[in-house]
Amino acid sequence: MEKRATFSNASIGVLFVAPQILLVFTFFYWPTGAALFWAFTLERPWGGGNEWVGLDNFRQVFADRAYWASITRSLVFAGATTFLAMGFGLLLAVACDRGLKFYQGFRTVFVWPYAVVAPAAALAFRFIFAPDAGIFSALVKSNPEFWNPAQNGYHAMVMVIVCYSWKYAAYCFIFFLAALQAIPRSVIEASAMDGAGVLRRVRDIQLPLITPTFFFLLVISITDSFQDSFSIVDVMTDGGPAKATEFMVYKIYFDGFRGLDYSGAAAQSIVLMFLMIVLTFFQFRFIERRIHYS
Amino acid sequence: MIERTPLLNVTTYIVLCIGALMVFIPLWLVFVGATLTVREINIPELHLIPGNHLFENLSAAWERGHLGERLTNSLIMSLGVATGKVAMSAITAFGLVYFRFPGRMLIFWLIFITLMLPLEVRIVPTYAVAANALWPFQSILDATGISGIIASLTGIQLALEWNLLNSYTGLILPLIATATGTFLYRQFFLTVPDELLEAARMDGAGPFRFLTEFLIPLSRANMAALFTIMFLYAWNQYLWPLLATPDRAGFGTTAVVELKMLAPNVSTTGGGTPDWNVAMAGCLIVMLPPLLLVAFMQRYFVRGLIATEK
Amino acid sequence: MAAVSLSAVSKKFGPNTVVDKVDLAIEAGEFVVILGPSGCGKSTLLRMIAGLEATSDGEIQIGDVVVNDLEPRARGCAMVFQNYALYPHMTVAENIGYALKVAGLPKADRIARIQSVAQMLGLGEFLDRKPMQLSGGQRQRVAMGRAMIREPKVFLYDEPLSNLDARLRVAMRAEIRRLHQRLGTTSLFVTHDQVEAMTLADRIVVMNQGRIEQIGTPDEIYRRPASAYVASFIGSPGLNLLRVNVSTNDGHIKFGDGQLLAYDRKIWKNLQDGPVTFGFRAEEARLASDGRGLSIRFSFSEELGSSRLIYGAVADEEAVLMIDHDEKFSADETAALSIPNSAMQFFSAETGRRIS
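Every value quoted in this text rests on a predicted model; they were computed, and no experiment measured them.

**Focus: the confidence of the model for chain C**
It should be kept in mind that the predicted coordinates are not to be read in detail where pLDDT is low.
Residue and element names in this part refer to chain C.
Thinking step 1. Across chain C, pLDDT averages 89, with 100% of residues at or above 70.
Thinking step 2. Element-level mean pLDDT values for chain C span from 82 in strand E15 (residues 286-287) up to 95 in strand E3 (residues 31-35).
Thinking step 3. Across the interfaces of the predicted complex, the ipTM metric reaches 0.86, alongside a pTM of 0.88.

Structure follows, in structure tokens:
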């Protein structure tokens, strides 16, 4: 879409755009470029500049079992949180959309978790799941093996997934409800007159009509789970125990800032960028095109 | 609509109530935790009834986490990001929509692409840029040989440096460098009828007048929505402030980053009893501002969220 | 086919009464149009019959069944919505056949019935398209097909033509009428367009502020409007209404500026002394060649092609005339009007009801 009427003074237009360009160049393109550069080079010791090493950094990263393990963990985390958050979000949105009495109150409450700062949620759930003080403490008293996220990697993973899903379900809820309420009332009424009951309408009319939102959330949930999980992991588990919750971004952070392996971290960043771009591209290219009504 | 579905209605309410409980229970447990003493909270059982040590714990958390300073930092950063983003988005979108200049589409795409890659994935080099914001420009000057020319002409070895670490500028600028709001504004400007500009021009309004007296007043609702979203986004930031504020004793950091320091671990308690009560009190304090903002701005918040993401 | 009857039906939204004790009996097979301005409660009335709104008070019967508490699907009504309300993700065939699918009809039967309905509406070649790919008129047909396929007892139309352009509206109007003749299903049609009402209806129900002003055939409504409101709403232009004073002894009525006009005491037996509203149709008054009659001062005219509308003032109140082209007219001229006694209508100045 383009404007028919515009201002003729082109140089003023450039001035309006310039600040953003400067900022984007400095804090987006330069760092992204630097990541690319670092990914293909190795810093010589004692400030000897960078040496071009081609794909060596990538070879090294991909040869590292720990890296593959972090990818697997990230995918498991992405899958589990997406499933839980979208599932609960959708269920609650459909329930709210029925418009029964008091639904506005429920709607307000369901938005809250999204407004809770992620590290605060993380701290809260760390307390709630703490074996010595939280909800499991009574059970742990008789059987210390029953629950201990500080020692057991699976427990830690479950804890991180629950916390993230709790917050993210609210996000999904907001989008699902907005999509449901955007369906024209008369379409619902028409199907009611055609004989469809509440559940039948959900299945035949409402769910098909919100598929664009569904796929949008699917992609966004996966990409967001890669990036937004960092604070939750850092506060709850520090990536542990024994790296059981070390996801991709956490590993980049850890290798780059704790291990000072800039080249390795850069190569990992490039892989992650590539993944994100593929997912986003997939969304724009296929999903947006195939499923669009109105 | 007349619908006799008593069973389904009951089921719906059960679902809604379970949902509400799932939201409430963690929040309640945090609140209860913040009202107990260290001894009480470490009794291994489920604590559901609040004690009466809330204010002690709050002030202990306030004290230990330097929350006064930290919250001020968070507030300044969030206000800076929200204001900066709103202003920047508006003028950029204005430039892109209302002017024709060579390379306009290229610039549009350059800005658009920034949506795809969040700060987290380019965190290491962004940190390097923040350590010296003029590094990109120094490199360009070096690479093009300009700094060599300057050195030979004036004898001055050019070494541009602008360290943004431990500063509000450093916290704010990288967070503004994405396109989120620009597209919201672009969409909005595109829906403004052409006739408005034509009429304004016939009345003698130039670009600045048109922007400040027509478009900005018209976009007030959008602005409120974007502001709310960006404030929350900035308040929530964790990884960036964590890295950009290494000087904890001097500049400090944001309240959200400070939260982790409140969590009991072996090094802070020195093997003593974990004081979850203080941690939960700190948690409450840091949680509150965004919750209040969302409660008061719910309409704008939801609308802004949906508009900026789609 | 079924009769529909409403007795003392009301609808309240909070403190607002949108529909106020409406009584209405519709015979089986009748085509009834509910006519009124926006906000008069006509759509709400229709939606109550459909079961999309609960009734606050009163009783609705379809056939012999009181349907107040029945769900929409149990009432045997089909509805055509103003914005068509087609299912955007389904093809035309799926849209039309959805009700049958919900009812659990075998696929073969469904296809046969979809085919026959589509044939009747000329939609045969569009069955595989999505609503998005159809024009406004075609969407309208799909909406009607979706209603027809269920062979409902009652058709409900909620301003179905208002989203179409003028030409298409006339064509669809004729088509709806033709379908009704063929299927003979009881139909209720809500509109704010009096031409639609006049052309479609067996009987018209004129509503105003939640109440029924008049029920009658188009001819009755036009010739003998039951109230000043109906009179001004029906016809194009509406009835001219002027405030006058009646003097029964003298057999004349007196206008605001003192002009007198004689009327026939034998026809107007029920007139009483005092203020009333006097009305006449623009097309029934003639310019008097002999210069005797009610004096009117012209201001401007509108060309209609076949005739002309002349606006002017009678006793300082606005009046409109419809005259032929051969009659002369010029602005600011004063002329005399002759109105046949049979064309004079009177309405109570207080209640607005007709005096016969």
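More follows now that the structure is in view.
**Quick notes on the sheet that holds strand E18 (residues 317-323) of chain C**
All names here are of chain C.
Thinking step 1. The five strands lie next to each other as E15-E19-E16-E17-E18, forming an open sheet whose pairing is antiparallel. Looking along the sheet, the strands with just one partner apiece sit at the ends: E15 and E18.
Thinking step 2. For strand E17 (residues 308-314) and E18, the ladder comprises seven bridges, and the chain directions are antiparallel. Paired with Val314 across the two strands is Glu317, which belongs to E18.

**Comments concerning the interface of chain C and chain A**
Thinking step 1. Between chain C and chain A, the residue contacts involve 18 residues of the former and 16 residues of the latter.
Thinking step 2. Those elements giving two or more residues to the side of chain C that touches chain A turn out to be strand E6 (77-80) and helix H2 (92-102) of chain C.
Thinking step 3. Here the residues of the side of chain C that touches chain A sort into 15 nonpolar, two polar and one charged.

**Re the interface of chain B and chain A**
Thinking step 1. Listed per partner, the contact involves 84 residues of chain B and 85 residues of chain A.
Thinking step 2. Considering each element in turn, the side of chain B that touches chain A owes the most residues, 12 residues, to helix H1 (residues 6-33) of chain B.
Thinking step 3. Its residues assigned to classes, the side of chain B that touches chain A shows 62 nonpolar, 13 polar and nine charged.

**Examining the pairing of E17(C)**
Residues and elements named next belong to chain C.
Thinking step 1. The pairing of strand E16 (residues 294-303) with E17 spans six bridges and is antiparallel. Its bridge partner being in E17, Phe298 is matched across the sheet by Gly312.
Thinking step 2. Count of turn residues in the E16/E17 antiparallel hairpin: four residues, of which Gly305 carries a positive phi of about 95°.
Thinking step 3. Connecting the antiparallel pair E17 and E18 is a turn made up of two residues, with Ala315 showing a positive phi of about 50°.

**As for helix H4 (residues 103-115) of chain A**
Thinking step 1. Spanning 13 residues, H4(A) covers 19 Å between terminal C-alpha atoms, matching the ideal 18 Å at 1.5 Å per step.
Thinking step 2. Inspection of H4(A) places A:Phe106, A:Phe110, A:Val111, A:Trp112, A:Pro113, A:Tyr114 and A:Ala115 among the buried residues, and these make up the whole buried set.

**Notes on the environment of C:Ser236**
Residues and elements named next belong to chain C.
Thinking step 1. Looking at the secondary structure, you find Ser236 in the loop between helix H8 (228-233) and strand E11 (240-247).
Thinking step 2. The exposure class of Ser236 is exposed, given the 12 C-beta atoms found within 10 Å.
Thinking step 3. Each C-alpha atom of the pair Ser236 and Val205 lies 18 Å from the other, and the pair is 31 residues apart in sequence.

**Remarks on the packing of helix H4 (residues 67-98) of chain B against helix H13 (residues 220-236) of chain B**
Residues and elements named next belong to chain B.
Thinking step 1. Closest axis-to-axis distance for the H4/H13 pair is 8 Å, and the angle between their directions is 140°. One way to sum up the angle between H4 and H13 is to call them oblique. Crossing angle aside, the handedness with which H4 passes H13 is right-handed. Counted together, Ser74, Met77, Ser78, Val81, Ala82, Lys85, Val86 and Ser89 of H4 and Met223, Leu226, Phe227, Met230, Phe231, Ala234 and Trp235 of H13 form the full contact between these two elements.
Thinking step 2. Looking at the contact of H4 with H13, its residues break down into 11 nonpolar, three polar and one charged.

**So, the domain arrangement of chain C**
All names here are of chain C.
Thinking step 1. Taken domain by domain, chain C consists of domain 1 (4-228) and domain 2 (233-355).
Thinking step 2. Summarising the inter-unit geometry, the C-alpha centres of domain 1 and domain 2 are found 38 Å apart.
Thinking step 3. Contacts between the two partners involve nine residues from domain 1 and, on the opposite side, 11 residues from domain 2.
Thinking step 4. Class assignment of the residues belonging to the side of domain 1 that touches domain 2 gives a composition of six nonpolar, two polar and one charged.

Each value, and the rule that gives it
Residues numbered from 1 in each chain as written. Chains lettered and ligands numbered in written order. Predicted model: local features only at pLDDT ≥ 70, side-chain atom pairs only at ≥ 80, totals over all residues. pLDDT = per-residue confidence, 0-100. Helix = DSSP H or I, 4+ residues; strand = E, 2+ residues; numbered from the N terminus. Pairing = 2+ DSSP bridges. Contact = placed C-beta atoms within 7 Å. Nonpolar A, V, L, I, M, F, W, Y, C, P; charged D, E, K, R; others polar. Expected span 1.5 Å × (residues − 1). Buried ≥ 20, exposed ≤ 12 C-beta atoms within 10 Å, placed from the backbone. Axes fitted to C-alpha atoms, helices over the stretch in contact; angles between N-to-C directions. Parallel < 35°, antiparallel > 145°, perpendicular 65-115°, else oblique. Left-handed = near helix turned anticlockwise from the far one by under 90°. Domains from an automatic or database assignment.

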